[in-house]
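Reading the structure
So the chains spell out like this:
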Amino acid sequence: MDVSQTATDLLDLVALVIRGVSGNRDLSLTAVMVLGSLQRQGAQRITTLASAEGVSQPSMTQLVQRLEQRGLVERTSDPSDGRVALVSLTAQGVAALAARRQRNAGRVAGLLAGLPDEDVRAFSDALAAVLPAIRHRVAAELPTVAVVVHPYPPGEAR
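Fair warning: this is a prediction, and the values are worked out from it, not measured in the lab.

1. Digging into the nonpolar core
In terms of nonpolar packing, the biggest core is built from 18 residues, with Leu35, Met60, Leu67 and Val73 touching the most fellow members. Residue assignment for this core shows that the elements contributing at least two residues are α2 (29–41), α3 (46–53), α4 (57–69) and β3 (81–89). Ranked by residues supplied to this core, first place goes to α2 with five residues. Ignoring any residue separated from it by four or fewer positions in sequence, one finds Met60 in contact with Val34, Ile46, Leu49, Ala50, Glu53 and Val55.

Below, the structure is given as structure tokens:
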């Protein structure tokens with residue numbers, strides 16, 4: 001089965017939905033992706049976040065600084081390597097992410113509300129059938145995080 005037209009249509013839909021929910025630019029898409037990643041996967045190194053989002057480490061450092069100034073994330077020392085900072089989501093960050101998702105879900109619901117019930121049901125059924133498999137495939141394609149094991153604790157003679 002040729003899925004190229006379906007893929008093109010899906011990309012158009014994604015672009016339309018993003019445009020439809022992006023009225024409030026309180027956070028960039030990259031910032032939202034970082035917050036979501038921290039919520040799903042827990043504390044992470046800046047290098048890991050930068051790699052996952054496809055940005056340079058200095059760019060991610062600047063973004064993390066801005067998020068930290070807003071109280072959405074915090075940096076702590078990595079217990080396994082005190083030279084490394086871990087970034088984690090704060091309670092305020094969790095609340096901001098939840099509020100944004102709720103606001104965006106409301107906007108998408110508004111976009112769907114004008115459609116015939118049978119079209120919304122068909123769309124919902126299609127999402128239920130496809131979304132779990134797509135989530136699984138995307139998760140499997142995400143880069144794995146390398147764990148660096150240091151033979152000596154920080155500061156110990158070598």
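2. A word on the packing of α3 against α4
When two helices pack together, their arrangement is captured by the angle between the axes and the distance separating the axes. Contact geometry of α3 with α4 gives a least axis separation of 9 Å together with a crossing angle of 110°. Between α3 and α4, the angle is such that the two are roughly perpendicular. Where α3 approaches α4, its residues Ile46, Thr47, Leu49, Ala50 and Glu53 are matched on the opposing element by Gln57, Met60, Thr61 and Val64. Residues of the contact of α3 with α4, tallied by class, amount to five nonpolar, three polar and one charged.

3. Points about the pairing of β3
In regular strands, side chains alternate between the two faces of the sheet. With two bridges joining them, strand β1 (residues 44–45) and β3 adopt antiparallel strand pairing. By the bridge assignment, Arg45 is partnered in β3 with Leu86.

4. Section: the pattern of salt bridges
On inspection of all chains with the given rule, the structure shows three salt bridges. A salt bridge links Arg45 to Asp78, with the nearest nitrogen and oxygen atoms 3.4 Å apart. Of this pair, Arg45 sits in strand β1 while Asp78 sits in strand β2 (residues 73–78), and the two are 33 residues apart along the sequence. On the accessibility criterion, Arg45 (24% relative accessible area) is partly exposed. Linking Arg75 and Glu68 is a salt bridge whose minimum nitrogen-to-oxygen distance equals 2.9 Å.

5. Describing the environment of Ala96
Following the sequence through the fold, Ala96 ends up in helix α5 (residues 91–113). By relative accessible area, which is 24% here, Ala96 ends up partly exposed. C-alpha of Ala96 to C-alpha of Leu35: the two residues are 61 residues apart in sequence and 9.3 Å apart in space.

What counts as what
- Residues numbered from 1 in each chain as written.
- Predicted model: local features only at pLDDT ≥ 70, side-chain atom pairs only at ≥ 80, totals over all residues.
- Heavy atoms only, no water.
- Core = buried A, V, L, I, M, F, W, Y, C linked by side-chain atoms within 4.5 Å.
- Buried < 20%, exposed > 50% of the residue type's maximum accessible area, 1.4 Å probe, protein only.
- Helix = DSSP H or I, 4+ residues; strand = E, 2+ residues; numbered from the N terminus.
- Contact = heavy atoms within 4.5 Å.
- Axes fitted to C-alpha atoms, helices over the stretch in contact; angles between N-to-C directions.
- Parallel < 35°, antiparallel > 145°, perpendicular 65-115°, else oblique.
- Nonpolar A, V, L, I, M, F, W, Y, C, P; charged D, E, K, R; others polar.
- Pairing = 2+ DSSP bridges.
- Salt bridge = Lys/Arg side-chain N within 4 Å of Asp/Glu carboxyl O.

What is shown is where atoms sit, not what they do.
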